[in-house]
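For reference, the chains in residue letters:
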Amino acid sequence: MKKIFTPFENIGKNSRLLIILSWVILVAVFWFVSSMGERHLFPSPEQVGRGFRELYNEGLMVHVGSSLWLCLKAILIAITISLTITYLSTIPVVMPVARAISKLRYLPLTGITFYLAIIISNARTMQVWVLVVFMSTYLTTSLLSMVSSIEQEEFDHARSLQCNRWEVLWEVVIKGRMDHVIEVIRQNLAIVWMMLVTVESILVAAGGLGFLIKNSDKFMNHGRIIALQIVILFVGLSIDFILDYLRKAFFRYSKI
Amino acid sequence: MDYQMQNTLLYVENLSVAYGEKVVIKDVSFVEKDVTREGSVTGQVIAVVGRSGRGKSTLFRALTGLIKPTTGKILIADVATGVENDAKEVHEGDVGFVDQKYTLFRNKTIYQALMFALRHKDFSKEEKHNTITKYLQEWGLEKAKDQYPCELSGGQRQRTAIIEQILCSGHYMVLDEPFSGLDIGNIEDVKKAFSLITSLHEFNTIIYSTHDIELAVELADSIYVIGYPTIDGKTADYGTIVKHVDMKERKLAWKEYGVEHLEVVKEIKAAMLTS
Ligand SMILES: Nc1ncnc2c1ncn2[C@@H]1O[C@H](COP(=O)(O)OP(=O)(O)OP(=O)(O)O)[C@@H](O)[C@H]1O
Ligand SMILES: [Mg+2]
C-alpha cells in the first residue's frame, strides 16, 4: 500500500487499473455531489444525457463529420506548405524565410481573418484558410526543430556514403524523418482542434461543432454544453490515437 | 621484412581546425606512402592514439573531407586520372568513415542499408544480393539482416557501419574507435576485416583511432600520438602530433606481437601521459 505513494515506484498492472478506477469513481462522485442542490455548478448526469439526445437529433454526426472534414483539409494544406518550407530551409537562402514564418505564430488571429476576408468571401473556405495560415506557423516551428535536432553524425554518415547534398536531404531529412512528421501533426493537433472549434464559432458557416457550441451558448443549456464538450474532447482524442497508431504501424523503427 | 615506399597516398600539411574561435588541432603535418613488399599485397594501417578530447575525431572529420580545415591542406592519391602519383584535395565521400557512434540510417534495415551502399556499383541486383549475403554471413549478421538500427546491439550496429563503408568507399577508410564496445570475438572480426581490406589492393589504407594502445601497436604499421604539445615549458591547449612511431622502420610491423611491441606500448603511453 505504501508503494503507491512512493515516487518512481514500479507497480503491477492490477494495481494500476485499481488506481485508475478509483480516480474515475472519485470524479463521478464529485460530479453527482456538485450537481445536487439548488445552485449547482455542473449540470446533473440526466441533464447531460438529455443534452446528448438533443444534439444527436439535431444531426450531431453530420456536424462532427463536417468539422473533421474541415480539419483534414486544413491539415493537408498546412502540412504541405510547412513541409516544403522546412525541407527548403536546409538551403541557406531559404532559412530566414522559414524562421520568419515560424515567428508569425505570434500574430493575432483577428488580423489574419481581416486580411483573408478581403480575398475570400465564402465562409467555409475562409475557415479553411484561417486554419491553414494559423497551423502552418505552428507546424513549421515544430518541423524546423525536428530538422535541427538531427545530429551532425547522421548527415556525415550519409555524406561519407557518397550522397550528394540533395541525396542527404532526401535520405536523412525527408525519408529518414517521415515518422516524425506524423508525430509533429499529432503534437500540434490539440491546438489545431481547439482553434478549429473556435474558428467555426467565430466565422459561422452552416455546420460543424463550433456552430453547435454557438447555438448552445444562446440557450444557456448547461447539459448540452457539457455534452458537446465531451464529444469534442473524444473526437480530438480519437484523432490523436489514430495518428499515433498509424505512426507505429507504418514505421516499425519509430521509437519517439 | 623488406619493404619499399612508393606513391604518396596521404599528404597532410600544416593542418589546423577550429570550431569558431576555438582551435582544436594545429600544425598537423604528415605523409603516408604506399608500402610495397615483395610477394604480397600490402595496404597501410595507420593508428591514431591520444587522450580524450585531444582532437582525434576532429582530425578524422578533416581527413574525410567532412569539415573544411581552417588552414593547411589534405591531399590523397587520385586514381581516377590514370596518371602516376596524381593527387587531389580530399572531398566528402572520397574517404569512407565510420564514426565513434556507429551512425546508420535509422529508417533502413541492415540489408537495405547495405543495398544502398552498393547503389553506385554497376553490377546486377542478384550479384549485389550475393555480395551482401556473403558479408552478412562472415560478420555474423544474418539473423539481424531485417532489423532496424534501433533494434540492434552496439556491436551489430558497428559491424554494419564498417561493412557499409567497405562496400561503398574507395581505397581509404577512416574508423573512429572501431574496437570500443566489442566483445573478443567481434574484435577478431574487425582485425580480420583489416587484413582482408589491406590485402585487396596496394593502395588500401585504414586509419583508425583507439584507446587500446596494445591494439594500435599490434595492428598498425604507423602510429601517431595526438596530444597537447609542450611549448616553452607550458602545455598548449590545442592538439597536434606529439609523437610518431614508424613500426616498419623499427622492423615490428607485420610481426607477431612480442616483447618489443610491449616496449613501444610503454613508450607511447609515456608520450600520452605528458600531453
Ligand atoms: N562541434 C564542436 N564545436 C566545438 N568544439 C568541439 C566540437 N567538436 C569537438 N569539439 C572540441 O574539440 C576537442 C576535440 O574533440 P574530439 O572529439 O576531436 O576529441 P577526441 O580526441 O576524439 O576525444 P575522444 O577520445 O573522447 O573521442 C574537444 O575539446 C571538444 O570539446
Ligand atoms: Mg573521438
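Residues numbered from 1 in each chain as written. Chains lettered and ligands numbered in written order. Predicted model: local features only at pLDDT ≥ 70, side-chain atom pairs only at ≥ 80, totals over all residues. Heavy atoms only, no water.

Looking at an unreviewed UniProt entry, one finds chain B named ABC transporter domain-containing protein, with Aequorivita soesokkakensis as its source organism.

Now for the overall build of chain A. Within chain A, the secondary structure is distributed over 11 helices and zero strands. Start at the N end of chain A and walk to the C end: the helices and strands fall as α-α-α-α-α-α-α-α-α-α-α. Since a compact globule built from 256 residues should have a radius of gyration of about 18 Å, the 23 Å found for chain A marks it as more spread out than a globular shape. Out of the 256 residues belonging to chain A, those deemed buried represent 42%. Within chain A, counting contacts between residues at least 6 apart in sequence, those at least 24 apart form 70% of the total. Total accessible area on chain A stands at roughly 15200 Å², and carbon and sulfur atoms take up 70% of it. The distance from the centre of the 24 positive side-chain charges to the centre of the 17 negative ones in chain A is 1 Å. (Helix = DSSP H or I, 4+ residues; strand = E, 2+ residues; numbered from the N terminus. Rg over C-alpha atoms; globule rule 2.2 N^0.38 Å. Buried < 20%, exposed > 50% of the residue type's maximum accessible area, 1.4 Å probe, protein only. Contact = heavy atoms within 4.5 Å. Areas by Shrake-Rupley, 256 points an atom, 1.4 Å probe, with all protein chains shown as cover. Lys, Arg positive; Asp, Glu negative; His and termini not counted. Charge placed at Lys NZ, Arg CZ, Asp CG, Glu CD.)

Right, let's get into the coordination of the magnesium ion (ligand 2). All names here are of chain B. Surrounding the magnesium ion (ligand 2) are the protein donor atoms Ser57 (OG) and Gln100 (OE1), which sit 1.9 to 2.5 Å from the metal. Taken together, the positions of Ser57 in helix α1 (residues 56-63) and Gln100 in the loop between β6 (96-98) and α2 (110-117) put the pair 43 residues apart, joining distant regions of the chain. Of the residues examined, Ser57 reaches a relative accessible area of 25% and is grouped as partly exposed. Taking relative accessible area as the criterion, Gln100 reaches 37% and is therefore assigned partly exposed. (Donors = N, O, S within 2.8 Å, 3.2 Å for Na, K, Ca; no water.)

Attention now goes to the packing of aromatic side chains. Two numbers describe a pair of aromatic rings. These are the distance of the centres and the angle of the planes. Going through the model one piece at a time under the given rule, you end up with 10 aromatic pairs over all chains. When the centroid spacing of 4.6 Å and the interplanar angle of 40° are considered together, the rings of Phe30 of chain B and Tyr224 of chain B count as tilted. Separated by 194 residues along the polypeptide, Phe30 of chain B in strand β2 (residues 22-36) and Tyr224 of chain B in strand β9 (residues 222-227) bring together distant segments of the chain. Classification of Phe30 of chain B by relative accessible area gives buried; the value is 9%. According to the relative accessible area criterion, Tyr224 of chain B is buried, its value standing at 3%. An aromatic cluster of three or more residues is present, and its members are Phe251 and Tyr253 of chain A together with Tyr148 of chain B. Cation over ring: Arg37 of chain B sits above Trp254 of chain B, and NZ or CZ is 4.1 Å from the ring centre. (Phe/Tyr/Trp six-rings, centres within 6.5 Å; stacked < 30°, edge-to-face > 60°. Lys NZ or Arg CZ within 6 Å of the ring centre and 35° of its normal.)

In this assembly, 25 residues from chain A lie in contact with 28 residues from chain B. Where chain A abuts chain B, roughly 2400 Å² becomes buried across the two surfaces, and 47% of that area is made up of carbon and sulfur atoms. Per-residue buried area on chain A facing chain B is highest for His157, Leu161 and Tyr253 of chain A; these three make up 28% of the total on that side. Where chain A packs against chain B, one counts nine salt bridges. Arg165 of chain A is the salt-bridge partner of Glu92 of chain B, the closest N and O atoms lying 2.8 Å from each other. In this assembly, chain A and chain B are joined by 20 residue pairs in polar contact (both at pLDDT 80 or more). Going through the elements one at a time, α7 (152-160), α8 (165-175) and α9 (178-202) of chain A are the ones with two or more residues in the side of chain A that touches chain B. A per-element tally of the side of chain A that touches chain B places α7 of chain A first, with eight residues. (Buried area = accessible area lost by both parts, 1.4 Å probe. Salt bridge = Lys/Arg side-chain N within 4 Å of Asp/Glu carboxyl O. Polar contact = N/O pair within 3.5 Å; in protein donor to acceptor, adjacent residues only side chain to side chain.)

Turning our attention to the sheet that holds strand β4 (residues 71-77) of chain B. Residue and element names in this part refer to chain B. If you walk across this open sheet you meet the four strands as β2-β1-β4-β5, and the pairing is antiparallel. Each end of this open sheet is capped by a strand with a single partner; those strands are β2 and β5 (87-89). Ignoring strand direction, the axes of neighbouring strands in this sheet form an average angle of 25°. Across 10 bridges, strand β1 (residues 4-19) lies against β2 in antiparallel orientation. (Pairing = 2+ DSSP bridges. Axes fitted to C-alpha atoms, helices over the stretch in contact; angles between N-to-C directions.)

For the rest of this paragraph, the subject is the site of ligand 1. All names here are of chain B. Among the 13 residues in the neighbourhood of ligand 1, the closest are listed as Ser52, Lys56, Ser57, Thr58 and Gln100. A distance of 2.6 Å is found between an oxygen atom of ligand 1 and a side-chain nitrogen or oxygen belonging to Ser52. In the model, an oxygen atom of ligand 1 is placed 3.3 Å from a nitrogen or oxygen of the Arg54 main chain. For ligand 1, whose unbound accessible area comes to 640 Å², protein coverage reaches 63%. Every element with two or more residues in the shell around ligand 1 is listed here: β2 and α1. (Near = heavy atom within 4 Å.)

Turning to the pattern of salt bridges, a few remarks are in order. Residues and elements named next belong to chain A. In the structure shown here, the tally under the stated rule is 33 salt bridges over all chains. Its salt-bridge partner being Arg186, residue Asp244 comes within 3.6 Å of it at the nearest N-O pair. Here the residue Asp244 occupies a position in helix α11 (residues 222-250), and Arg186 occupies one in helix α9, the gap between them amounting to 58 residues. Each member of the pair, Asp244 as well as Arg186, is classed as buried. Each of the salt bridges in this network shares a partner with another, and the network as a whole consists of Glu183, Arg186, Asp240, Asp244, Arg247 and Lys248.

Strands pair in a sheet through their backbones, by hydrogen bonds, and they do so in one of two ways: parallel or antiparallel. All names here are of chain B. With respect to topology, six strands assemble into an open sheet ordered β6-β7-β8-β3-β9-β12, the strand pairing being mixed. Because the sheet does not close on itself, it has two edges, and the strands there are β6 and β12 (240-246). On average, adjacent strands in this sheet sit at an angle of 15° to one another, irrespective of strand direction. Both strand β3 (residues 44-49) and strand β8 (residues 205-209) contribute to a ladder of five bridges, which runs parallel. Residue Ile46 lies in a different strand from β8, and its bridge partner there is Ile207. Contacts between helix α4 (residues 154-168) and the sheet are confined to β6 and β7 (172-175), with β6 contributing the most and set at about 180° to the helix.

Another point: the side chain of Asn188 of chain A. The topology assignment puts Asn188 of chain A in helix α9. The contacts of Asn188 of chain A, once residues within four sequence positions are left out, are Tyr138, Leu139 and Ser142 of chain A.

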